[in-house]
Amino acid sequence: MSDITYLTKDALQHLKAELQKMKAIDRPAASKAIAEAREKGDLRENAEYDAAKEAQGLLEAKIQRMEGDLANARVIDESTIDTSKVSILTKVTVTNLNTKKQATYHLVSEQEADLKLGKISITSPIGKGLLGRQIGDVTEVKVPAGLIKFKVENITV
């Protein structure tokens, strides 16, 4: 990945801890599972061996992706965020003009997105539609369910 990933200090620490766990605990466990399956005989007909090798491959791919994310990570200082417009790490309160309901979204990186906590990715359709908007702006966002009109009510950190 050559894309820059913007993270908070907490998210960066979490990512580093998860990567360390995969390298220190999960990788040796995968190797051990392969060794145990190898001891069970003919590798051509050993489904356990094939499954262990596939799991190891998936783990290594995940480790490589996380290392790429860390190499391209940039830590954002929340105290320097401009709240005159919607940007990453801002909380934006919007009114859905179709349903007249209000919602508050915290715009974050893909790694931190969690809809249950109101955190949406800046690369999501709604996140993209809100980026750069100011209080009072109305924007149309194309989502899988159709077109939604949002009015930006408030922007905070």
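Before reading on, note that the structure itself is shown above.
*Asks:* Describe in detail the sheet that holds strand β6 (residues 138–143), supporting the description with residues and values.
*Replies:* The 5 strands lie next to each other as β5-β4-β3-β7-β6, forming an open sheet whose pairing is mixed. Among the strands making up the open sheet, the edge pair consists of β5 (119–121) and β6. The average angle at which neighbouring strand axes cross in this sheet is 45°, direction not considered.

*Asks:* Could you give an account of the nonpolar core, naming the residues involved and the relevant values?
*Replies:* A general feature of soluble globular proteins is that nonpolar side chains tend to end up buried together. Grouped together as the largest cluster of nonpolar side chains are 20 residues, with contacts concentrated most on Val-92, Tyr-105, Ile-126 and Leu-130. Taken together, the elements giving at least two residues each to this core come down to β3 (91–96), β4 (101–108), α3 (125–130), β6 and β7 (146–156). With 4 residues, the top contributor of residues to this core is β7. Not counting residues within four places of it along the chain, the set of residues in contact with Tyr-105 comprises Thr-90, Lys-91, Val-92, Val-94, Gly-118, Ile-120, Ile-126 and Leu-130. If you look at the next biggest cluster of nonpolar residues, it comprises 11 residues, including Leu-12, Leu-19, Ile-63 and Met-66.

*Asks:* Quick one: what's the story with helix α1 (residues 9–38), residue by residue and with numbers?
*Replies:* The end-to-end C-alpha distance of α1, which contains 30 residues, comes to 42 Å, matching closely the 44 Å that a straight helix rising 1.5 Å per residue would cover. The largest bend in α1 is about 35°, located at Met-22. For α1, the set of buried residues is Ala-11, Leu-12, Leu-15, Leu-19, Met-22, Ala-30, Ile-34 and Ala-37. Looking at the buried side of α1, the elements it contacts are β1 (5–7), α2 (47–71) and β2 (73–75).

*Asks:* Please give an account of the pattern of salt bridges that cites residues and values.
*Replies:* Scanning the model with the defined rule gives 5 salt bridges in all. In this structure, Glu-60 engages Arg-27 in a salt bridge whose closest nitrogen and oxygen atoms are separated by 2.9 Å. In this pair, Glu-60 is assigned in helix α2 and Arg-27 in helix α1, connecting sequence segments 33 residues apart. The exposure class of Arg-27 is partly exposed, given its relative accessible area of 30%.

*Asks:* Help me get a handle on the pairing of β3, residues and values and all.
*Replies:* Counting buried residues along β3, 5 of its 6 residues qualify, which places the element largely inside the surrounding structure. Relative to β4, β3 runs antiparallel, the two sharing 6 bridges. Across the sheet, the residue bridging to Val-92 is Tyr-105, located in β4. Hairpin connection from β3 to β4: 4 residues lie between these consecutive antiparallel strands, with Lys-100 at a positive phi of about 65°. Here β3 pairs with β7 via 6 bridges, running antiparallel. Across the sheet, residue Thr-93 finds its bridge partner in β7, namely Asn-154.

Reading the values: rules and limits
- Residues numbered from 1 in each chain as written.
- Predicted model: local features only at pLDDT ≥ 70, side-chain atom pairs only at ≥ 80, totals over all residues.
- Heavy atoms only, no water.
- Pairing = 2+ DSSP bridges.
- Helix = DSSP H or I, 4+ residues; strand = E, 2+ residues; numbered from the N terminus.
- Axes fitted to C-alpha atoms, helices over the stretch in contact; angles between N-to-C directions.
- Core = buried A, V, L, I, M, F, W, Y, C linked by side-chain atoms within 4.5 Å.
- Buried < 20%, exposed > 50% of the residue type's maximum accessible area, 1.4 Å probe, protein only.
- Contact = heavy atoms within 4.5 Å.
- Expected span 1.5 Å × (residues − 1).
- Bend = angle between axes of the 7 residues up to and from the residue.
- Salt bridge = Lys/Arg side-chain N within 4 Å of Asp/Glu carboxyl O.

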